[in-house]
Amino acid sequence: EAYEQLRRDLVEDTEDIATQQKNAKYLYECGQYSESLEWIAKILTPEQEDPAVRLPALWGKLSCFIMLDMWDEGHECIGHLKECIEKIPTPQGQLQQRTWLLHCALFVYFHHTNGRTLIVDLFLHPLYSPVLQITAPHLLRYAVAAAICSTRRRRSATRDLSRTIGLESEAYTDALTTLLSTLANSFLFHEALAQLDVCRPVLESDFFLHDLVSEFAECGKQLIFEVYCRIHQTIDIQAIATQLGMEIDAAELWLVNLVRNARLDATIDSESRKIHINRHIPNIYRQVVERTKGLSFRSALLSSNIEKMRERK
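Examining the overall build of the chain
- Counting its regular elements, the chain contains 17 helices and three strands.
- Dimensions of the chain, computed from C-alpha atoms along their principal axes, come out at roughly 80 × 50 × 35 Å.
- Counting across all 313 residues of the chain, residues that qualify as buried make up 42%.
- Looking at the chain alone, contacts between residues at least 24 apart form 58% of all its contacts between residues at least 6 apart.
- Per element, the accessible surface of the chain, about 17700 Å² overall, is 52% carbon and sulfur.
- Taken together, the 34 basic and 42 acidic charged side chains of the chain have centroids lying 8 Å from each other.

Overview of the sheet that holds strand β3 (residues 274-277)
- Spatial strand order, β1-β3-β2: three strands in an open sheet with antiparallel pairing. This sheet does not close on itself; its edge strands, each paired only once, are β1 (234-236) and β2 (266-269). With direction set aside, neighbouring strand axes in the sheet form an average angle of 20°.
- Bridge count between β2 and β3: four bridges; the pairing is antiparallel. Its bridge partner lying in β3, Ala266 is registered against Ile277.
- Across the sheet, helix α14 (residues 237-244) is in contact with β1 and β3; its angle to β1 comes to roughly 50°.

What about the nonpolar core?
- Membership of the largest hydrophobic core comes to 92 residues, with the highest contact counts inside it found for Leu62, Phe123, Leu176, Leu209, Phe216, Ile224 and Phe225.
- Apart from residues no more than four positions distant in its own chain, Phe123 is found in contact with Leu102, Leu106, Tyr128, Ser129, Leu132, Leu139 and Ala143.

Quick notes on unusual backbone geometry
- Phi at Asp69 takes a positive value of approximately 60°, unusual for a residue other than glycine.
- Inspection of the secondary structure puts Asp69 in the loop between α4 (51-67) and α5 (71-85).
- Exposure remark for Asp69: the relative accessible area of 52% places this residue in the exposed category.
- The backbone of Arg273 sits at a positive phi, close to 55°, despite the residue not being glycine.
- Topologically, Arg273 is positioned in the loop between β2 and β3.
- Overall, the relative accessible area of 24% leaves Arg273 in the partly exposed class.

Examining helix α10 (residues 154-168)
- Under the 1.5 Å per step criterion, the end-to-end length of α10 is 20 Å for 15 residues, consistent within 8% with the ideal 21 Å.
- For α10, every residue scored as buried is listed here: Arg154, Ala157, Thr158, Leu161, Ser162, Thr164, Ile165 and Glu168.
- Each element contacted by the buried residues of α10 is listed here: α7 (115-123), α8 (129-134), α9 (140-149), α11 (175-185) and α13 (213-231).

Focus on the pattern of salt bridges
- Scanning all chains against the criterion turns up 11 salt bridges.
- Note that Arg163 and Asp160 form a salt bridge whose closest N and O atoms lie 3.1 Å from each other. In this pair, Arg163 and Asp160 both sit in helix α10, three residues apart, roughly one turn of the helix.
- On the basis of relative accessible area, Arg163 is assigned to the exposed category, the value being 51%.
- The partly exposed category is assigned to Asp160, whose relative accessible area is 26%.
- Glu252 serves as the salt-bridge partner of Arg273, at 2.5 Å between the closest nitrogen and oxygen. With Arg273 in the loop between β2 and β3 and Glu252 in helix α15 (residues 248-261), the pair connects residues that are 21 residues apart, well separated along the chain.
- The buried category is assigned to Glu252, whose relative accessible area is 12%.
- Three or more residues joined by partner-sharing salt bridges are found here, namely Arg141, Asp174 and Asp206.

A word on the packing of aromatic side chains
- A complete count under the given rule lists 11 aromatic pairs for this structure.
- Chaining the aromatic ring pairs together yields one cluster made of Phe107, Phe110, Tyr142, Phe207 and Phe208.
- Seen from the ring of Trp39, Lys42 lies directly overhead, with NZ or CZ sitting 3.9 Å from the centre.
- Seen from the ring of Tyr128, Arg98 lies directly overhead, with NZ or CZ sitting 5.8 Å from the centre.

Remarks on the pairing of β3
- Taking every second residue as pointing to the same face, the buried face of β3 carries Ile275 and Ile277, while none of Lys274 and His276 on the other face is buried.
- With three bridges joining them, β1 and β3 adopt antiparallel strand pairing. Each residue of the ladder has a partner; that of Thr234, found in β3, is His276.
- A loop of four residues connects β2 with β3, the two strands running antiparallel in sequence, and Arg273 in this loop sits at a positive phi of about 55°.

Here we look at the packing of α9 against α10
- Here α9 crosses α10 at 160°, and the two axes come no closer than 9 Å. Considering the angle they form, α9 stands roughly antiparallel to α10. Our pair here, α9 against α10, has a crossing hand that is left-handed. Across the interface between the two elements, Leu140, Ala143, Val144, Ala147 and Ile148 from α9 touch Arg154, Ala157, Thr158, Leu161, Thr164, Ile165 and Glu168 from α10.
- For the contact of α9 with α10, the per-class residue count stands at eight nonpolar, two polar and two charged.

Rules used throughout
- Residues numbered from 1 in each chain as written.
- Predicted model: local features only at pLDDT ≥ 70, side-chain atom pairs only at ≥ 80, totals over all residues.
- Heavy atoms only, no water.
- Helix = DSSP H or I, 4+ residues; strand = E, 2+ residues; numbered from the N terminus.
- Buried < 20%, exposed > 50% of the residue type's maximum accessible area, 1.4 Å probe, protein only.
- Contact = heavy atoms within 4.5 Å.
- Areas by Shrake-Rupley, 256 points an atom, 1.4 Å probe, with all protein chains shown as cover.
- Lys, Arg positive; Asp, Glu negative; His and termini not counted.
- Charge placed at Lys NZ, Arg CZ, Asp CG, Glu CD.
- Pairing = 2+ DSSP bridges.
- Axes fitted to C-alpha atoms, helices over the stretch in contact; angles between N-to-C directions.
- Core = buried A, V, L, I, M, F, W, Y, C linked by side-chain atoms within 4.5 Å.
- Expected span 1.5 Å × (residues − 1).
- Salt bridge = Lys/Arg side-chain N within 4 Å of Asp/Glu carboxyl O.
- Phe/Tyr/Trp six-rings, centres within 6.5 Å; stacked < 30°, edge-to-face > 60°.
- Lys NZ or Arg CZ within 6 Å of the ring centre and 35° of its normal.
- Parallel < 35°, antiparallel > 145°, perpendicular 65-115°, else oblique.
- Left-handed = near helix turned anticlockwise from the far one by under 90°.
- Nonpolar A, V, L, I, M, F, W, Y, C, P; charged D, E, K, R; others polar.

Following this line, the structure appears as structure tokens:
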């Protein structure tokens, strides 16, 4: 009966944008998310290019996708929101919208099948990374969790995040950011292992991270010993087994898999129970290329932003 009354209150077949927005919002607040999406679709026509109309409609669309557990569609909608945010004329408006987007993205990406990589890509994007420092340093813990649990971008993401955490250490710190700082900035491996236990209750009590407790612990150990292997030439398997609380044979197998997955050039001496890391000093010219390969993209991005600012003026 209440639903039928709701249907009667709607203004059907209207071309008025304000009425369409009112109907979509009304349905959303009543929990009718699929029907709210139908009204939002009437607003987001290809001909509708006004950011003042598209932006709130896209936010409503993303909210409906979140409530309906439609994570692929939510990811696509985040892409449209990013494009629309770039059309906002003021830097303050863009900063506010990007801050909201980072918060809403947590709902999508911590449920998405490829969410860890996607959240790292978004949070470390040149336009969104400054948001973590300016308005939302409390989101660093989610970037750290996603980076550590991401197999594809773990090394580069944790390196970039450690720099941001170092800059923001006086403004914000928690168990997860302390873990990464202890490891990547101070190289204190025993303390980093101990910090993993400190992270457990934080993860268990977090709405987005409570399902990652076991995975985070395992990936955290892998990251710690991957960094350990990269800065040591000889690794004593017995010592590692003691730190991990494992039998020496199990620790050796665990380290072998770690070395293989990290693509380290290593030799395992089973008799002496040691792993020897073979060092390759990179060519100086290759180092220059590696360190400057992102400059062209960043320069093009900066040039594009300057052109946009000129057009707005």
